[in-house]
Amino acid sequence: MSPRFTPLITASATVLAFSIAPLPSAAQEDNSPTGPEDMPQEVDLNDWSVGDIDALPDDEYGRAVRYGHALTVETHAHIGPEVEDESMRYSGNNLDCASCHQDAATKPFAMPWTGVAATFPQYRGRENTLQTVEDRVNGCMERSMNGRALPLDSAEMRAFSAYIHFLSAGIPVGAKVTGAGTIPDPAPDRAADPVAGEQVYAEQCSVCHGDDGHGMRNGEPGDGEGYLYPPVFGDDSYNDGAGMYRMLMAYRFILANMPQGVDHEDRILTPDEAYDVAAYINSQPRGHKEGMESDFPDRLRKPADMPFEPWAGDFLPEQHKYGPFKPIADWLVAERAARDAAEEEGPQADE
Ligand code: HEC
Ligand code: HEC
């Protein structure tokens, strides 16, 4: 890692609670990024280096960051379902956070945590409330990890937030971060084809993830050793409430990050292949998350590719699962604009 280590740039940059994520229009107007002018307003993670963990002192913060890093790359060994201490079994599967958040959550367009500390608190449509970074960690605990929430005051939660804080040093609130989230490439404007995807899977994925999608373990089931190649479906993978279960998320992650070794600049799959293989893996059995009908209570903010009812509009369930998504997304945008316009004129307007 690089010597560009800047541990003490902290909340001083958080002048206003501004978020780069979509906010309801009213909040957006009131919050603009107004940090000191010498703070970077745009950051490209492709040319950004994070600090050196080993250079951190052996104090509370340094130890928490190091534990957070270990929890990220070897989640299964600390809070996985096969660890000896049963009270520590928070994850329901043997994935690691880094199974998706690659390179210890620093890889551009693989949902990196670099800079993420500056984007919370953040409005999230799934909960329709302002969410903290700890809420977000627990979102992945309950869905991506098919497990249960970490207590807010646990050493593990503090370690995750310390590590995310460390990775975010130097990136101010309100900065535009290139490389955040997943690549913005649009998906093919058609229904995805899981049968064609099965063929892509056999040619490009099964060598590592297995014909049965169950991955390749480091050891034997039950030994807590985790995976060399993680499962992409089955009981030991992410559940159907996870972001990766949604077609557009899986499409964008896979297109820029799989087969392992590729990145967004150096891809192997075509958009069509990535789209169809995402449909294939997300048509296979996996754990079920209860209560998803209460996700995205504002139905006009429910993403087009959420495959669970209820939805606003009359699009068929098949279309929410496999697409084409653009007609749904366009309709949602238009409906929200119409609603906002009506609210501004109506007697309920709060300004
Ligand atoms: C199966 C893949 C997967 C795994 C495993 C996973 N995540 Fe995530 N994570 C995602 C996806 C996809 C997103 C972004 C999309 C979304 O909003 O759901 C995300 C988003 C996040 C974010 C917010 C990032 C941002 O840009 O705002 C945090 C923080 C996070 N995850 C933490 C964790 C932690 C901690 C773990 C391990 C305990 C973990 N994740 C495991 C897929 C995963
Ligand atoms: C060379 C081995 C290899 C190949 C080939 C490969 N992967 Fe992966 N995949 C990995 C590894 C290893 C990870 C964990 C992240 C990392 O370490 O980069 C992963 C992670 C994933 C994840 C997120 C974690 C999970 O378990 O769900 C998905 C989804 C995924 N791969 C899908 C695919 C698809 C689809 C293909 C084929 C287009 C593919 N992979 C090809 C090795 C591979």
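Position numbers for residues count from 1 along each chain, tracking the sequence in the order it is written. To label them, take the chains in the order written and letter them from A, then take the ligands in the order written and number them from 1. Totals for whole chains, interfaces and linings use every residue, but because this is a predicted model, local features are given only for residues with pLDDT of at least 70 and side-chain atom pairs only at 80 or more, for both listing and counting.

The chain has the name Thiosulfate dehydrogenase in an unreviewed UniProt entry, where Pontibaca methylaminivorans is given as its organism.

Enquirer: Any details on unusual backbone geometry? Residues and values, ideally.
Expert: For the bond running from F120 to P121, omega is 0°, close enough to zero to count as cis. Take P121: it is sitting in the loop between helix 4 (102-105) and strand 2 (122-124). For A105, which is not a glycine, the phi torsion comes out positive at approximately 70°. Only runs of H or I of at least four residues qualify as helices and only runs of E of at least two qualify as strands under DSSP, and these elements are numbered from the N terminus. With respect to the secondary-structure elements, A105 resides in helix 4. With 24 C-beta atoms packed within 10 Å, A105 lands in the buried category. Unlike most non-glycine residues, F296 shows phi in positive territory, near 50°. With respect to the element layout, F296 can be found in the loop between helix 10 (271-281) and helix 11 (317-322). Neighbour counting defines burial: a residue surrounded by 20 or more other C-beta atoms within 10 Å of its own C-beta is buried, one with 12 or fewer is exposed, and intermediate counts give partly exposed, using backbone-placed C-beta atoms. F296 sits in the buried class, given 21 other C-beta atoms within 10 Å.

Enquirer: How would you explain the site of ligand 1 if you had to name every residue and give the values?
Expert: For each residue, a C-beta atom is placed from the backbone, and the residue is labelled near a molecule or strand when this atom is within 6 Å of it. Near ligand 1 you find 26 residues, and of these C97, C100, C140, S144 and G243 are the closest. Elements with a contribution of two residues or more to the shell around ligand 1: helix 5 (133-142) and helix 6 (155-167). With 5 residues, the single largest contributor to the shell around ligand 1 is helix 5. When its residues are assigned to classes, the shell around ligand 1 shows 18 nonpolar, 7 polar and 1 charged. Two domains each put at least three residues into the shell around ligand 1: domain 1 (11-178) and domain 2 (182-340). Gly falls in the polar group here, along with every residue not listed as nonpolar (Ala, Val, Leu, Ile, Met, Phe, Trp, Tyr, Cys, Pro) or charged (Asp, Glu, Lys, Arg). In this entry, domain limits derive from an automatic or database-based domain assignment.

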